[in-house]
Amino acid sequence: MSVSNSSQNLSFINYINLFFRKLVSTIADLRLAIILLLIIALFSISGTVIEQNQPINYYQENYPENPALFGFLTWQVLLSIGLNHVYTTWWYLSILVLFGSSLIACTFRRQLPALKATQIWKFYDQPRQFNKLVLSAEITAESLGKINSILGERGYKVYQNDNSLYAQKGISGRIGPIIVHVGMIVILLGAIWGAFTGFFAQEMIQSGQTFTIQNFLEAGKFTNLNHAQSFDVKVNDFWIKYTPDGSVDQFYSDLSVVDKKGEELDRKTIFVNQPLRYNGITFYQTNWSISGVKIQLNNSPIFQLPMAELTNERKGRIWGTWIPTKPDLSEGISLITKDLQGTMFLYDIDGKLISAVRPNMPVEVNGVTLKILELIGSTGLQIKADPGVPLVYLGFALLMIGVVMSYVSFSQVWALQENDRYFIGGKTNRALVAFEKEMYQILEKI
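Residues numbered from 1 in each chain as written. Predicted model: local features only at pLDDT ≥ 70, side-chain atom pairs only at ≥ 80, totals over all residues. Heavy atoms only, no water.

Chemist: With reference to specific residues and values, describe the sheet that holds strand S16 (residues 344-347).
Modeler: Reading across from one edge, S13-S14-S15-S16-S17 is the order of the five strands in this open sheet, with antiparallel pairing throughout. On the outer flanks of this sheet lie strand S13 (308-310) and strand S17 (353-357), each paired with one strand and no other. Sheet twist, expressed as the mean angle between neighbouring strand axes with direction ignored, is 30 degrees. Note: strand S14 (residues 318-324) against strand S15 (residues 332-337), six bridges, orientation antiparallel. From the neighbouring strand, Ile-323 faces S15, where its bridge partner is Ile-333. (Pairing = 2+ DSSP bridges. Helix = DSSP H or I, 4+ residues; strand = E, 2+ residues; numbered from the N terminus. Axes fitted to C-alpha atoms, helices over the stretch in contact; angles between N-to-C directions.)

Below, the structure written as structure tokens:
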């Protein structure tokens, strides 16, 4: 009975080993790796074309149900699949893990054995062995020592016994593909680590206000949000630089990082492509808005009214607010503006234009003197932390080094002395023409 159980256990173990070998063989298949790489590229492109981490109303507006893009892509389909945050979806990360596993399996099954094979060599002791080489010749030479010396001058590492010689160079050409694989694996690890430990947030902050990061649109399962909220950011000022034709040229935010006691830790004026980086968190300038207006009626105290962005069929951005001109709010006017340059338009309750005004310019409306003192801008910040970025940079550095090393040819040369006859031959894995030229030069010196 025990013999039968042992046989069954052995059969089960053999089955598991066979299954594991087939699984590794399948994962290490170059065709699978290419397919996975194409899939990753396809979804990465979709993540570039489709705006990521936007509010739901953005997708509802740009990907309506009727008509659906390509006949099927609506905002509901897009959100359900996760195309609004491609790089952090479970299926995208799973593809990255599978591709990384394929690279690891290929490295251990193909690249490392190929490197190990370069260390396993033997001397040729029969002239007929040279017939299978790409380049071979029977020559007249002084001695194997002379051949050894010439090959050494050419950068070959030479091994010699009594009547045989073996030389090789370009071992880095065998190491290069391994470094390429390692670089790609490091890049994948960096992407996965960033997805699980990073975050993405957006804030629209009025000039002069201090805020703590709150509006997290995306955060990994292992993200330390307490770290992101351990300090505050003050918007010291926000302004826009306009072109002569009145369009926006650039917008700027003067930001200060302050601790919970209000002491300044860092400060920088940011604009597009010039972010503020602090403690692993990056603040990008991405948007702007008009959040409020300061107003005075007759000699009243200065008060501030909020402004809202209005829908505009011409696709331009405009902001508006309603200004009461009586204490009981029974009468009022509408204020409309399209930028922070200062030109504003006043409309009555029937929608008729009353006047165009600029800051500090008094105007009589509904029996009162109205003075608009200042438009208050808000800065739109995109805030991002990605701890995986250093790994990604390291991976790309290894990838470039590995690619350069992979272009180095791995060349081998054998020589044999039989009485007063000398045989020499060699082969290489690439750049055959250059290797032929080198062999002819070696033969001429011999």
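That was the structure; now back to the text.
Chemist: Break down the pattern of salt bridges for me, citing the residues and quoting the values.
Modeler: A full pass over the atoms with the stated rule returns 13 salt bridges. Notably, a salt bridge pairs Glu-264 with Arg-267, separated by 3.9 Å at the nearest N-O pair. According to the relative accessible area criterion, Glu-264 is partly exposed, its value standing at 47%. Residue class for Arg-267 comes out partly exposed when judged on its relative accessible area of 47%. Across the salt bridge formed by Lys-338 and Asp-339, the nearest N and O atoms sit 3.1 Å from each other. A single network of salt bridges, built from pairs that share partners, joins Glu-138, Glu-418 and Arg-421. (Salt bridge = Lys/Arg side-chain N within 4 Å of Asp/Glu carboxyl O. Buried < 20%, exposed > 50% of the residue type's maximum accessible area, 1.4 Å probe, protein only.)

Chemist: Describe in detail the side chain of Gln-111, supporting the description with residues and values.
Modeler: For Gln-111, the position within the fold is in helix H5 (residues 90-118). Overall, the relative accessible area of 18% leaves Gln-111 in the buried class. Leave out the neighbours within four places in its chain, and Gln-111 touches Cys-106, Pro-177, Ile-178 and His-181. (Contact = heavy atoms within 4.5 Å.)

Chemist: Describe the pairing of S16, listing the residues and the values that go with them.
Modeler: Burial of S16 is one-sided: the residues Met-344 and Leu-346 facing one way are buried, the residues Phe-345 and Tyr-347 facing the other way are not. Bridge count between S15 and S16: three bridges; the pairing is antiparallel. Bridged to Ile-336 within S16 is Phe-345. Counting the residues in the hairpin turn of S15 and S16 gives six residues, including Gly-342, whose phi is positive at 120 degrees. Linking two consecutive strands that pair antiparallel, namely S16 and S17, is a turn of five residues; a positive phi of about 85 degrees is found at Gly-351 within it.

Chemist: Go over the nonpolar core with me, naming the residues and quoting the values.
Modeler: Formed by 24 residues in total, the largest nonpolar core has its most connected members in Val-293, Leu-335, Leu-346, Leu-370 and Ile-372. Of all the secondary structure elements, the ones that give two or more residues to this core are strand S7 (232-242), strand S11 (281-297), S14, S15, S16, strand S18 (363-365) and strand S19 (368-385). With residues near it in sequence (within four places) discarded, Leu-370 still touches Ile-295, Gln-296, Leu-297, Ile-323, Ile-333, Leu-346, Met-361, Pro-362, Val-363 and Val-365. Membership of the second largest hydrophobic core comes to 22 residues, among which are Ala-33, Ile-40, Leu-78 and Ile-192. (Core = buried A, V, L, I, M, F, W, Y, C linked by side-chain atoms within 4.5 Å.)

Chemist: If you had to explain the packing of aromatic side chains to someone new, which residues and values would you point to?
Modeler: Here the structure, examined in full by the defined rule, presents 16 aromatic pairs. Ring centres of Tyr-166 and Trp-414 lie 5.3 Å apart, and the angle between their planes is 55 degrees; on these two criteria the pair is classed as tilted. Of this pair, Tyr-166 sits in strand S3 (residues 164-169) while Trp-414 sits in strand S20 (residues 411-418), and the two are 248 residues apart along the sequence. Assigned by exposure class, Tyr-166 and Trp-414 land together as buried. The ring of Trp-288 is capped by Arg-317, whose NZ or CZ atom sits 5.1 Å from the centre of that ring. (Phe/Tyr/Trp six-rings, centres within 6.5 Å; stacked < 30°, edge-to-face > 60°. Lys NZ or Arg CZ within 6 Å of the ring centre and 35° of its normal.)

Chemist: Explain a nonpolar patch on the surface residue by residue, including any values.
Modeler: Together, Leu-189, Trp-193, Leu-391 and Leu-394 give the surface a local cluster of nonpolar side chains, amounting to about 380 Å² of exposed area. Taken together, the elements giving at least two residues each to the nonpolar patch come down to helix H7 (172-197) and helix H9 (389-406). Position of Leu-394 relative to the elements: it lies in helix H9. By relative accessible area, Leu-394 is classed as partly exposed at 45%. (Patch = residues over 30% accessible without salt bridge, like charges linked within 9 Å, V, L, I, M, F, W, Y side chains within 5 Å. Areas by Shrake-Rupley, 256 points an atom, 1.4 Å probe, with all protein chains shown as cover.)

Chemist: Mind laying out the sheet that holds strand S1 (residues 135-139), listing which residues take part and the relevant values?
Modeler: Strand order in the open sheet formed by five strands is S1-S21-S20-S3-S2, with antiparallel pairing between adjacent strands. Across the chains shown, the open sheet's two edge strands, defined by having one partner strand only, are S1 and strand S2 (157-160). Each strand of the sheet is rotated relative to its neighbour by a mean of 15 degrees, with strand direction disregarded. Across four bridges, the pairing between S2 and S3 is antiparallel. The partner of Lys-157 across the bridge, within S3, is Gln-168.

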